[in-house]
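Survey of secondary and tertiary structure
The residues making up each chain are set out below.
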Amino acid sequence: MPDGSKVWITNGSKLTYPEKFKGKTREINLEGEAFFTITADKKKPFFVHLGAHRIKVLGTEFSVVAYPDDQIIRVDLVSGKVQMDVNNGK
């Protein structure tokens, strides 16, 4: 990733992100499964958008399973903290 964070995605998953993170946040979009190791940056929080939901990353390592056709989103935390925003305030 542009900030040094690492992401491993499974076959059939889709990850979109900018060439360079601009502004006050680092934001990406995920459909499917991925494992993340996020570079810490308290001044630029990291967000993973999962359709209408999003994860605010407050720590470092976690995995996500979020297929668009499934009713369940699964987040497994390895270390650190994450915050799940359901329906992202919508």
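These notes cover the structure that comes with them.

About the cut-offs
- Residues numbered from 1 in each chain as written.
- Predicted model: local features only at pLDDT ≥ 70, side-chain atom pairs only at ≥ 80, totals over all residues.
- Heavy atoms only, no water.
- Helix = DSSP H or I, 4+ residues; strand = E, 2+ residues; numbered from the N terminus.
- Rg over C-alpha atoms; globule rule 2.2 N^0.38 Å.
- Buried < 20%, exposed > 50% of the residue type's maximum accessible area, 1.4 Å probe, protein only.
- Contact = heavy atoms within 4.5 Å.
- Core = buried A, V, L, I, M, F, W, Y, C linked by side-chain atoms within 4.5 Å.
- Pairing = 2+ DSSP bridges.

A few words on the overall build of the protein chain. Along its length, the protein chain carries zero helices and eight strands. The secondary structure elements of the protein chain, listed N-terminal to C-terminal, are β-β-β-β-β-β-β-β. Here the C-alpha radius of gyration of the protein chain, 12 Å, is about what a compact globule of 90 residues would show, namely 12 Å. C-alpha atoms of the protein chain, sized along the principal axes, occupy 35 × 30 × 25 Å. The 90 residues of the protein chain split such that 28% are buried. Looking at the protein chain alone, contacts between residues at least 24 apart form 39% of all its contacts between residues at least 6 apart.

Ranked by size, the top nonpolar core spans 15 residues in total, and within it Leu 30, Phe 36, Val 48, Phe 62 and Val 64 carry the most contacts. Of all the secondary-structure elements, those providing two or more residues to this core are β3 (26-37), β4 (46-50), β5 (53-57) and β6 (61-66). Element by element, the count of residues in this core is highest for β3, at four residues. The residues contacting Leu 30, other than those within four sequence positions of it, are Lys 14, Leu 15, Phe 36, Val 48, His 49, Leu 50, Val 64 and Ala 66.

Right, let's get into the pairing of β5. Burial of β5 is one-sided: the residues His 53, Ile 55 and Val 57 facing one way are buried, the residues Arg 54 and Lys 56 facing the other way are not. Summarising the sheet, β4 and β5 pair through five bridges and their orientation is antiparallel. Residue pairing for β5: Val 48 is matched across the bridge by Ile 55. Hairpin connection from β4 to β5: two residues lie between these consecutive antiparallel strands, with Gly 51 at a positive phi of about 65°. Looking at chain direction, β5 and strand β8 (residues 82-85) are connected through four bridges and run antiparallel. Bridging from a neighbouring strand, Lys 56 pairs with Gln 83 of β8.

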